[in-house]
Amino acid sequence: MVAPLLNDTFLRACLRQSTDYTPLWLMRQAGRYLPEYNATRARAGSFMGLATQPDFATEVTLQPLERYALDAAILFSDILTVPDAMGLGLSFAAGEGPRFARPLRDEAAVAALQVPDMDKLRYVFDAVRSIRKALNGRVPLIGFSGSPWTLACYMVEGAGSDDYRLVKTMLYSRPDLMHRILQINADAVAAYLNAQIDAGAQAVMLFDSWGGVLEHRAFAQFSLAYTQRVVSQLQREAGGQRVPCIVFTKGGGLWLEQIAATGADVVGLDWTCDLGQARRRVDDRVALQGNLDPMVLFASPEAVAAEARAVLDSFGSPRRADGRLGGHIFNLGHGINQHTPPEHVQALVETVHAHSRSLRQAG
């Protein structure tokens, strides 16, 4: 028996329904800025030890909710679980980012690529079930995946990159190979997110972390088209409830209208966008998520509060003069930095909830 949801503010905002205040969650909210996370990671032995053991994944997912009045939990996992299940050999060296032992560098490797058996990702779905049970209806649970393009960047480069030379060389010189990778990635990501929904995820998010590095025509062909392929395959209801889909392209503000037309319920924005202008551009056809610069959290709590109020003021009252509702989920413009003082996050949460309530009363 699934516990009834006690706080559905996040889900309501995703669907542009009336809320008493603006809901808030943070990308990477379960992470290295929290001492309790670091203690659990030490017990688990490694990052993948955390991510692949449902008990540990559940523990760290809930840690930020014990500290802060956040309005959603997000599954603790990694965006590269899907290519790992494809047999590319994911590893995390101490102090380094992810690395693949068998990157896609030639025609034979691309030809051999297949949508993985979702059973190889059972640990993720077990974690979703475990987290839903542990949340006991406190807040909704967000599932997620990397976008087809972002996964392809890692799969071809073999690790993170500063210039994307290898993946862009393939894109321009062998677009046929690039499209094959992206088609398989899109179908794998859709199956992966649907399995998360089946396991209990109440919303899903697609992280197109590297979409913003593409030239504008290339973005449409190699990122946006495959994001749309994922969104079109998603389950949009579970247990009689709508399952919102969030799409976040870092550096994607230029293409806001096109991203909003993918069928997503929510478009995430980084801090380079004017939130009020973005709202006018999409005319409240979708909800917006964002978009505080994560570096603001290194300023004083008073400065954090002032910047948070400025973001909320930019969006304005959800209810428009014509009576229609817009939706806003407060978040950072990218993941929280590992050196962030935890007490500054408290100032952010309190300010967002209090100021957004006052905006509704004034409106």
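To keep things clear, this report deals only with the structure shown in the data block. In every chain, residue numbers begin from 1 and rise along the written sequence. Restriction of local features to residues with pLDDT of at least 70 applies here, the model being predicted, together with a cutoff of 80 or more for giving and counting side-chain atom pairs; totals for whole chains, interfaces and linings are based on all residues. Side-chain descriptors were evaluated using all non-hydrogen atoms of the structure, hydrogens and water having been removed beforehand.

1. A word on the pattern of salt bridges
Okay, step 1: Salt bridges, as used here, are contacts in which a Lys or Arg side-chain nitrogen is within 4 Å of a carboxyl oxygen on Asp or Glu. Evaluation of the coordinates by the stated rule reveals 17 salt bridges.
Okay, step 2: R43 is the salt-bridge partner of E59, the closest N and O atoms lying 3.0 Å from each other. One end of the pair, E59, is in helix 4 (residues 54-67); the other, R43, is in helix 2 (residues 35-44), with 16 residues separating them in the sequence.
Okay, step 3: For every residue, the accessible area (1.4 Å probe, protein chains only) is compared with the maximum for its type, and the residue is labelled buried under 20%, exposed over 50%, or partly exposed between those bounds. Residue E59 is classed as partly exposed on the basis of its relative accessible area of 28%.
Okay, step 4: The closest approach of N and O atoms between E107 and R174, which form a salt bridge, is 3.1 Å. Here E107, found in helix 6 (residues 107-112), pairs with R174, found in the loop between helix 9 (165-173) and helix 10 (175-199); they are 67 residues apart in sequence, far enough to count as distant.
Okay, step 5: Judged by relative accessible area, which is 47%, E107 ranks as partly exposed.
Okay, step 6: Connected via shared salt-bridge partners are R279, D283, D284, R320, D322 and R324. Helix and strand assignments come from DSSP, with helices taken as H or I runs of at least 4 residues and strands as E runs of at least 2, each series counted from the N terminus.

2. Focus: the side chain of N7
Okay, step 1: By the element assignment, N7 lies in the segment before helix 1 (9-14).
Okay, step 2: Accessibility expressed as a relative area gives 16% for N7, which makes it buried.
Okay, step 3: What qualifies as a polar contact is a pair of N or O atoms within 3.5 Å, subject to a donor-acceptor requirement within protein and to the restriction that residues adjacent in sequence count only when both atoms come from side chains. For N7, the side chain forms a polar contact with the side chain of Y21, separated by 3.5 Å.
Okay, step 4: A polar atom in the side chain of N7 sits 3.0 Å from the side chain of D71.
Okay, step 5: Here, residues are in contact when the closest pair of their heavy atoms is within 4.5 Å. Setting aside chain neighbours within four positions, we find N7 in contact with Y21, D71, G137, R138, V139 and P140.

3. Notes on the sheet that holds strand 4 (residues 141-146)
Okay, step 1: An order of 1-4-5-8-9-10-11 is seen for the seven strands of this open sheet, with the pairing classed as parallel. Two strands in the sheet have a free side with no partner beyond their single neighbour: strand 1 (73-74) and strand 11 (328-332).
Okay, step 2: Pairing between strand 9 (residues 266-268) and strand 10 (residues 287-292): three bridges, direction parallel. By the bridge assignment for strand 10, V267 is matched with L288. Strands were regarded as paired on the criterion that DSSP finds at least two bridges between them.

4. What to know about the environment of R357
Okay, step 1: With respect to the helices and strands, the residue R357 is situated in helix 15 (residues 342-362).
Okay, step 2: For the pair R357 and T19, spaced 338 residues apart in sequence, the C-alpha to C-alpha distance is 9.3 Å.
Okay, step 3: Not counting chain neighbours up to four residues away, the residues in contact with R357 comprise D20 and Y21.

5. Observations regarding helix 4
Okay, step 1: A helix's residues, less one, multiplied by 1.5 Å, set its expected span. Compared with the 20 Å implied by 1.5 Å per residue over 14 residues, the 21 Å span of helix 4 between its first and last C-alpha is a close match.
Okay, step 2: Within helix 4, the full set of buried residues consists of F56, A57, T58, V60, T61, L62, Q63, P64 and L65.
Okay, step 3: Looking at the buried positions of helix 4, the neighbouring elements they touch are helix 2, helix 3 (47-52), strand 1 and helix 7 (122-135).

6. As for the packing of helix 14 (residues 301-315) against helix 15
Okay, step 1: Axes here refer to lines fitted to C-alpha atoms; in helices the fit is confined to the stretch in contact. Angles between the N-to-C directions go from 0 to 180 degrees. Following both chains from N to C, one finds helix 14 and helix 15 inclined at 35°, their axes separated by 9 Å at the closest point. Considering the relative orientation of helix 14 and helix 15, their crossing is right-handed. On the side of helix 14, the interface is formed by P301, V304, A305, A308, R309, L312 and D313, while helix 15 contributes H344, A347, L348, T351, V352, H355, S356 and L359.
Okay, step 2: Lys, Arg, Asp and Glu make up the charged group, whereas Ala, Val, Leu, Ile, Met, Phe, Trp, Tyr, Cys and Pro make up the nonpolar group; the residues left over, Gly among them, are polar. Taken together, the residues of the contact of helix 14 with helix 15 sort by class into nine nonpolar, four polar and two charged. The handedness criterion is simple: a crossing whose near helix is rotated anticlockwise from the far helix by less than a right angle is left-handed, and one whose near helix is rotated clockwise is right-handed.

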